[in-house]
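Close look at the chain arrangement
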Amino acid sequence: MEKIGVYVCHCGTNIAGVVNVEEVRDWTAKNLKDHGVVISRDYKFMCSSLGQELIEQDIKEQGLTRVVVAACSPHLHEATFRKACGRAGMNPYMCELVSIREQASWVHTDKVAATQKSKAILSGGVRRVEYHTALEPLKVSIHPDTMVVGGGIAGIQAALEIADAGFHVYLVEREPSIGGHMAQFDKTFPTLDCSACILTPKMVDVGSHPNITLLTWSEVTKVDGYVGNFTVTVKKKASYVNNDTCTGCGICWEKCPKKVVDNVYEAGMGIRKAIYRPFPQAVPKYPVMDVDTCIYFEKGTCKACEKFCPTEPNSINFEQKDEFLDIPVGNIILATGYDAFDPHRIPQYGYGRLPNVFTSLEFERLCNAAGPTGGNILLRDGKTAPKVVGIVHCVGSRDKNYNEGCSAICCMQSLKFAHLVHERTGAEVYNFYIDIRTPGKSYDEFYQRLLEEGTHFVRGKVAEISDAVRLPGEEGKLVIQVEDTLTGNQLRVPVDMAILSVGLEPRADAKEVAKLFGISCSANGWFTERHPKLDPVATMTDGIYIAGCVQGPKDIPASVAQGAATAARVLGKIQQKEIALEPVRASVLEEKCSGCRICNDLCPFNAILFHEDKMVSEINAALCQGCGTCVAACPAGAISGTGFSNEQVLAQIEGLLLLNISEDAVPA
């Protein structure tokens, strides 16, 4: 018979405040001894060094062959207790962690019921651990190259950190230039640094770094392999410009006769040509051809760019084709950013219908020195400066009809806008807010500064923005209808310009991108991290990391920090050269496999291959994450999950139902 040690954690008062830990300890020692329990202890904090030492000492002195710890979620401390068992000479996979915190104390207020449930959970763990088998981690080598997908500030930071450490990085960006949304901004809060001034040097570093291969105007189309050994297919779209000879002189777009509204970089506030460079500081400096608007691709005539190109040989190449590159990498960092909320979805705010209602991105371009008005804050007529400006917070955020969460940046963004309006026009400014949230370093000081500048703050969710005149003084104005919740008064505030501080939301293709890389999205569309507190940059797929706003709304400092954090995680993997993977994986018994392929389409990690010649499926153990989807789905029972055999699962169910002990010991 196995010799099992049971350890019940108080977790301070997290468990002990609801569960009678001593009663659970004593009940286990008395009623589960027939199933191998030779020692049952409790401790205030089992995960502490002293708690771990207690387990290690008992393994050595009592000759334990199995350990069951009743504490918190295995996601939190399973690895902790496995390591403790390993240090004592026991195979780490002979340890079972059962949760009496998340599954008992945290979901019950009835102490008696929570205590009885904890006994049942522990009973199930003891019965299960009897069937554990010794496992060994899977060893895989790590390719030293890394791919960063997304060239915003988070992706730039991650790429530079890895490249500066001496390892090669492929930086993939779907737009013609890196820089992301930060390249569109005028100033950054709370220090009011010029956004371009602090971003452009990093962009230049990326473009000139010997360890970075920059793939702009490119998209990932396929991802194969597993941690340490990915093969990523990148589609490098034809730019119809030969970068080897192009000097970036700009004559081609100066001579191009086709003008197009720039809905990307200029947010619809300016124009570009059919052949264009997004902005003067773009990296790389080479233009790209927009085939959807180019006259040559529409009508077969023009070629003005080719005719006027001064380079020899000519840098314009209308015969250029898309390229597909297969790139081997060891790790992948996703930093694909966010989309701004589209305020057309809130018709009562009048965006698109009332000319002087602007989005936050439009206003960023309006007050940018390189923007369409040269940094002058003007109405849509391009001539008139506003005398009264209203800034509406939380547009599309903290709203059950759109995005329930806070977008993190809107309050500070709106305060920055108010300051810029004061500074450049001297206009009167109203900020309409639900709550002011300024938790970052020096953020609240910035808020106090705006109060001193004379900004009017009205607490209330704006109901409507209209041009309907009801009162004197509203003629030719936009009228913001709002209830001031601090005074209880209904207000109609006439303004010349309304700025909608739109929230951040996941990119429109976030779910497709997640599926491509074998990771998951949360219910609201952000990429899901391995653990929201302890591992916010890793995903459930080994070797895939997330940085910046793909994980959720955040400001520039947080995005930079997360980019650096992903780089640190990747560098740790590269320097190990070889890593050990969790051996809890699924496997196919070929003699039972009928070749139905049901499992192939269900695997969320794309870990299952089908062999046409043998008509059987095979699971790549390095890709498999042991989720069990295929095990449950297989109609022939041909797939088994390591660590989740029928014997283990059925034994745990028997223990949970307390069918393994005498009736006298069953709690009432």
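1. Observations regarding the overall build of the chain
Helix and strand counts for the chain come out as 17 helices and 34 strands. Each principal axis of the C-alpha distribution contributes one length, and for the chain these read about 90 × 70 × 45 Å. Going through the 668 residues of the chain one by one, you find that 52% of them count as buried. Taking all contacts inside the chain whose residues are at least 6 apart in sequence as the whole, residues at least 24 apart take part in 69%. Counting only carbon and sulfur atoms, one obtains 51% of the accessible surface of the chain, whose full area is about 29,700 Å². If you average the places of the 67 positive and of the 79 negative side-chain charges in the chain, the two averages end up 2 Å apart.

2. Observations regarding the sheet that holds strand E4 (residues 95-99)
Read across the sheet, four strands follow the order E2-E1-E3-E4 without closing on themselves; strand pairing throughout is parallel. Bordering the open sheet on either side are strand E2 (37-43) and E4, each of which pairs with just one other strand. Direction aside, the axes of adjacent strands within the sheet are offset by 15° on average. Sheet analysis places strand E1 (residues 4-9) next to E2, joined by six bridges and oriented parallel. From the neighbouring strand, Ile4 faces E2, where its bridge partner is Val37.

3. Things to note about the pairing of strand E23 (residues 456-459)
Bridge count between strand E22 (residues 428-433) and E23: four bridges; the pairing is parallel. Each bridged residue has a counterpart across the sheet, and for Phe432 the counterpart in E23 is Val458.

4. Quick word on the pairing of strand E30 (residues 578-581)
Alternating positions in E30 separate cleanly, Ile579 and Leu581 being buried on one face and Glu578 and Ala580 remaining unburied on the opposite face. Where strand E5 (residues 138-141) lies against E30, four bridges are found, and the strand directions are antiparallel. Paired with Leu138 across the two strands is Leu581, which belongs to E30.

5. A word on the pattern of salt bridges
For side chains of opposite charge, pairing can occur when their charged atoms come near one another. Tallying each qualifying case throughout the model produces 37 salt bridges. The salt bridge involving Arg66 is made with Glu2; its shortest N-O contact spans 3.3 Å. On the criterion of sequence distance, the pair formed by Arg66 in strand E3 (residues 66-71) and Glu2 in the segment before E1 is long-range, its members being 64 residues apart. Residue Glu2 is classed as partly exposed on the basis of its relative accessible area, which comes to 28%. Lys461 is the partner of Asp399 in a salt bridge, and the nearest nitrogen-oxygen pair spans 3.5 Å.

6. Observations regarding the packing of helix H4 (residues 111-129) against helix H17 (residues 646-656)
At a closest axis distance of 7 Å, the pairing of H4 and H17 adopts a crossing angle of 150°. When the interaxial angle is binned, H4 and H17 end up roughly antiparallel. Regarding H4 and H17, the two cross each other, and that crossing is right-handed. Of H17, the residues touching H4 (which contributes Ala120, Ile121, Ser123, Gly124, Gly125, Arg127 and Arg128) are Gln648, Ala651, Gln652, Glu654, Gly655 and Leu656. Its residues assigned to classes, the contact of H4 with H17 comprises four nonpolar, six polar and three charged.

7. Here's the deal with the sheet that holds strand E10 (residues 212-215)
On the basis of which strands lie adjacent, the open sheet formed by five strands has the order E10-E7-E6-E18-E29 and parallel pairing. Looking along the sheet, the strands with just one partner apiece sit at the ends: E10 and strand E29 (544-546). Strand-to-strand, the axes of this sheet are offset by a mean angle of 20°, without reference to chain direction. The sheet contact formed by strand E18 (residues 331-334) and E29 spans three bridges and is parallel. Looking at the pairing, Ile332 lines up with Ile544 of E29. Its contacts with the sheet place helix H5 (residues 153-164) against strand E6 (146-149), strand E7 (169-172), E10 and E18, and it is angled at close to 165° to E7.

8. Comments concerning the environment of Cys549
Within the secondary structure layout, Cys549 lies in the loop between E29 and helix H14 (556-576). Setting aside its immediate chain neighbours within four residues, Cys549 contacts Gly337, Tyr338, Leu504, Trp526, Lys554 and Ser559.

9. A short note on the domain arrangement of the chain
What the domain assignment reports for the chain is domain 1 (4-137 + 648-665), domain 2 (146-237 + 326-337 + 507-578), domain 3 (238-321), domain 4 (340-504) and domain 5 (585-641). With centres defined by C-alpha atoms, the gap from domain 4 to domain 5 works out at 54 Å.

10. Notes on the side chain of Asp58
By the element assignment, Asp58 lies in helix H2 (residues 49-62). Excluding residues within four positions of it along the chain, Asp58 makes contact with Tyr7, Ile39, Arg41, Gly63 and Leu64.

11. Observations regarding helix H6 (residues 195-208)
Over its 14 residues, H6 runs 20 Å from end to end, which matches the ideal 20 Å to within 8%, given 1.5 Å per residue. Regarding H6, the residues found buried are Ser195, Leu199, Thr200, Met203 and Val206. Buried residues in H6, looked at end-on, bunch into an arc of 120°, giving them a common side. Facing away from the buried side of H6 by over 90 degrees, the exposed positions are Cys197 and Ser208.

12. Points about unusual backbone geometry
With an omega of -5°, the peptide bond between Phe189 and Pro190 qualifies as cis. In this structure, Pro190 sits in the loop between strand E8 (187-188) and strand E9 (193-194). Backbone torsion omega between Glu312 and Pro313 reads 0°, so that peptide bond is classified as cis. Looking at the element boundaries, Pro313 is found in the loop between helix H9 (304-308) and strand E17 (323-329). One non-glycine residue, Ala267, adopts positive backbone phi at about 55°. Exposure remark for Ala267: the relative accessible area of 17% places this residue in the buried category. The phi dihedral of Lys303 falls on the positive side, at around 55°, and the residue is not glycine.

Rules and cut-offs
- Residues numbered from 1 in each chain as written.
- Predicted model: local features only at pLDDT ≥ 70, side-chain atom pairs only at ≥ 80, totals over all residues.
- Heavy atoms only, no water.
- Helix = DSSP H or I, 4+ residues; strand = E, 2+ residues; numbered from the N terminus.
- Buried < 20%, exposed > 50% of the residue type's maximum accessible area, 1.4 Å probe, protein only.
- Contact = heavy atoms within 4.5 Å.
- Areas by Shrake-Rupley, 256 points an atom, 1.4 Å probe, with all protein chains shown as cover.
- Lys, Arg positive; Asp, Glu negative; His and termini not counted.
- Charge placed at Lys NZ, Arg CZ, Asp CG, Glu CD.
- Pairing = 2+ DSSP bridges.
- Axes fitted to C-alpha atoms, helices over the stretch in contact; angles between N-to-C directions.
- Salt bridge = Lys/Arg side-chain N within 4 Å of Asp/Glu carboxyl O.
- Parallel < 35°, antiparallel > 145°, perpendicular 65-115°, else oblique.
- Left-handed = near helix turned anticlockwise from the far one by under 90°.
- Nonpolar A, V, L, I, M, F, W, Y, C, P; charged D, E, K, R; others polar.
- Domains from an automatic or database assignment.
- Expected span 1.5 Å × (residues − 1).
- Arc of directions from axis to C-beta.

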